[in-house]
Amino acid sequence: MHSNLLKLGWNDKFHQSLDSSDFPQAIPARIIREDRGQYTIHTGDNTAPAQLSGSFMNAAQSQLDYPTVGDWVLLQPMESNNGFLVTGMLDRNSLFMRQSAGKTSDDQLLAANIDYLFIISGLDLDFNPRRIQRYLSLVYNSGAQPVIILNKSDLVDDQDQILEQLSSQIPDAPIHAISALYQHGIEGLEQYLIPGTTIALSGSSGAGKSSLINALLDEQRLKTQANREDDNRGRHTTTWRELIMLENGTCIIDLPGMRELQLTGDEAGVSKTFADIKSISQQCRFRNCRHEGEPGCAVQEALETGELSLERYSQFTKLSQENAIARKRGKKKVVQKKRVSNKYAEKESFFKDVSIQFRKNNKAKRKYNLDGY
């Protein structure tokens with residue numbers, strides 16, 4: 001097996017994927033940086049620039065077929081310079097993505113082949129449990145394990161109370177309170193820093209992702225900035241996606257800060273984030289209960305007794321509706337793509353028929369000239 005790639009997270013599954021690929025003799029490498037379509041790869045020995053080959057781009061049918069940070073790709077050296085051409089990509093273990101900001105339904109790939117995703121939230125004026133629930137909905141869809149990191153614990157006196165309240169709203173994900181600036185509570189994260197493991201850090205600008213990475217590296221490698229004084233919001237310090245290796249063999253992916261986090265339409269993430277509500281709804285008298293006053297509604301009963309808080313149920317309803325809209329937009333996009341595809345298929349079929357008929361006519365003319373008819 002490619003032992004020089006082990007420090008980048010290479011394992012038997014990727015090795016088997018390489019053997020079964022169309023390019024088993026190609027050079028495997030991992031994408032460690034992406035910045036506006038420009039890629040940097042690591043072969044286990046060296047880093048180098050890479051670009052997608054024409055055949056790779058022609059074979060791609062959607063944004064999901066393009067690589068992102070953390071992906072394992074197959075390379076071919078470029079003769080003109082020291083870079084590489086990406087000719088293929090290995091199967092992913094996980095993929096963290098969101099729907100692009102705005103009214104489009106395009107998917108934005110953020111990081112691939114990650115084991116843990118740290119959701120970083122600052123314990124300052126930017127602390128927002130609802131945003132954490134939104135992140136969780138996407139992380140559960142990715143295939144990675146979510147870990148909630150509450151940074152800037154040095155700014156609050158009621159840390160235990162905040163942890164207790166958040167744990168009641170998010171019962172299934174581990175939560176850690178730390179201060180990356182003063183390196184308090186960092187030792188609680190060592191259980192995730194396993195050689196060959198990949199961890200992605202995500203959260204709003206100013207939450208302290210770069211500060212946490214500097215603390216894990218034990219050096220000030222990444223630039224950090226203070227939050228704005230007028231509204232305490234963070235400034236965009238990281239503007240690209242990058243994989244950084246710790247000395248112990250753990251890979252850390254630093255993601256830019258995100259304030260707008262649109263859901264992708266995958267229902268599983270919302271269901272798992274609000275598993276308690278899903279469990280309660282299964283006790284409703286009617287299977288298609290909409291929880292809007294129907295008799296025997298277990299959800300309404302839980303709201304009345306206080307078993308379920310109105311705030312949590314409102315957030316569940318909001319994300320479910322938003323997810324349904326995203327799913328509908330995604331289906332509409334697929335239909336439009338099929339229409340375009342069918343249009344070009346019909347045009348291609350037409351020109352193919354014309355070409356066949358043209359060859360038949362030429363063949364008939366040659367036969368006429370040879371036989372003298």
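What you are looking at is a predicted structure, and each value in this text was computed from that prediction instead of being measured.

Peer 1: Requested: an account of the environment of L216, with residues and values cited.
Peer 2: Its location among the elements puts L216 in helix α5 (residues 209–217). We classify L216 as buried; its relative accessible area is 16%. Not counting the four nearest positions on each side in its chain, L216 is found in contact with I186, L193, L246 and I252.

Peer 1: Outline a negative patch on the surface, supporting the account with residue identities and numerical values.
Peer 2: A cluster of like negative charges, contributed by D157, D158, D160 and E164, occupies part of the molecular surface. Take D160: it is sitting in helix α4 (residues 159–169). Relative accessible area serves as the criterion here: at 60%, D160 is assigned to the exposed category.

Peer 1: Before we move on, could you go through helix α1 (residues 12–19) and cite the residues and values that matter?
Peer 2: All of the buried residues in α1 are F14, S17 and L18. On an axial view of α1, the arc spanned by its buried residues comes to 100 degrees, and they lie on one face. Turned more than 90 degrees off the buried face of α1, the exposed positions are D12 and Q16. The elements touched by buried residues of α1 are β1 (27–35) and β4 (72–77).

Peer 1: Go over unusual backbone geometry, please, and point to the residues and values.
Peer 2: Positive phi values are uncommon outside glycine, yet K152 reaches one of about 65 degrees. Within the secondary structure layout, K152 lies in the loop between β9 (145–151) and α4. Overall, the relative accessible area of 16% leaves K152 in the buried class. Of note, Q183 is a non-glycine position whose phi angle comes to about 55 degrees, a positive value. Structurally, Q183 is set in the loop between β10 (175–177) and β11 (198–203).

Peer 1: So what's going on with the nonpolar core? Residues and values would help.
Peer 2: One finds I41, F96, I114, I148, L150 and I253 to be the most contacted residues of the largest nonpolar core, which totals 69 residues. With six residues, the top contributor of residues to this core is helix α3 (residues 129–142). When sequence neighbours within four positions are dropped, the list of residues in contact with I253 reads V69, G70, A111, A112, I114, T198, I199, A200, L201, E242 and L243. Counting 22 residues, the second largest nonpolar core, distinct from the first, contains A180, L193, L201 and I244.

The rules we used
- Residues numbered from 1 in each chain as written.
- Predicted model: local features only at pLDDT ≥ 70, side-chain atom pairs only at ≥ 80, totals over all residues.
- Heavy atoms only, no water.
- Helix = DSSP H or I, 4+ residues; strand = E, 2+ residues; numbered from the N terminus.
- Buried < 20%, exposed > 50% of the residue type's maximum accessible area, 1.4 Å probe, protein only.
- Contact = heavy atoms within 4.5 Å.
- Patch = residues over 30% accessible without salt bridge, like charges linked within 9 Å, V, L, I, M, F, W, Y side chains within 5 Å.
- Areas by Shrake-Rupley, 256 points an atom, 1.4 Å probe, with all protein chains shown as cover.
- Salt bridge = Lys/Arg side-chain N within 4 Å of Asp/Glu carboxyl O.
- Lys, Arg positive; Asp, Glu negative; His and termini not counted.
- Charge placed at Lys NZ, Arg CZ, Asp CG, Glu CD.
- Arc of directions from axis to C-beta.
- Core = buried A, V, L, I, M, F, W, Y, C linked by side-chain atoms within 4.5 Å.

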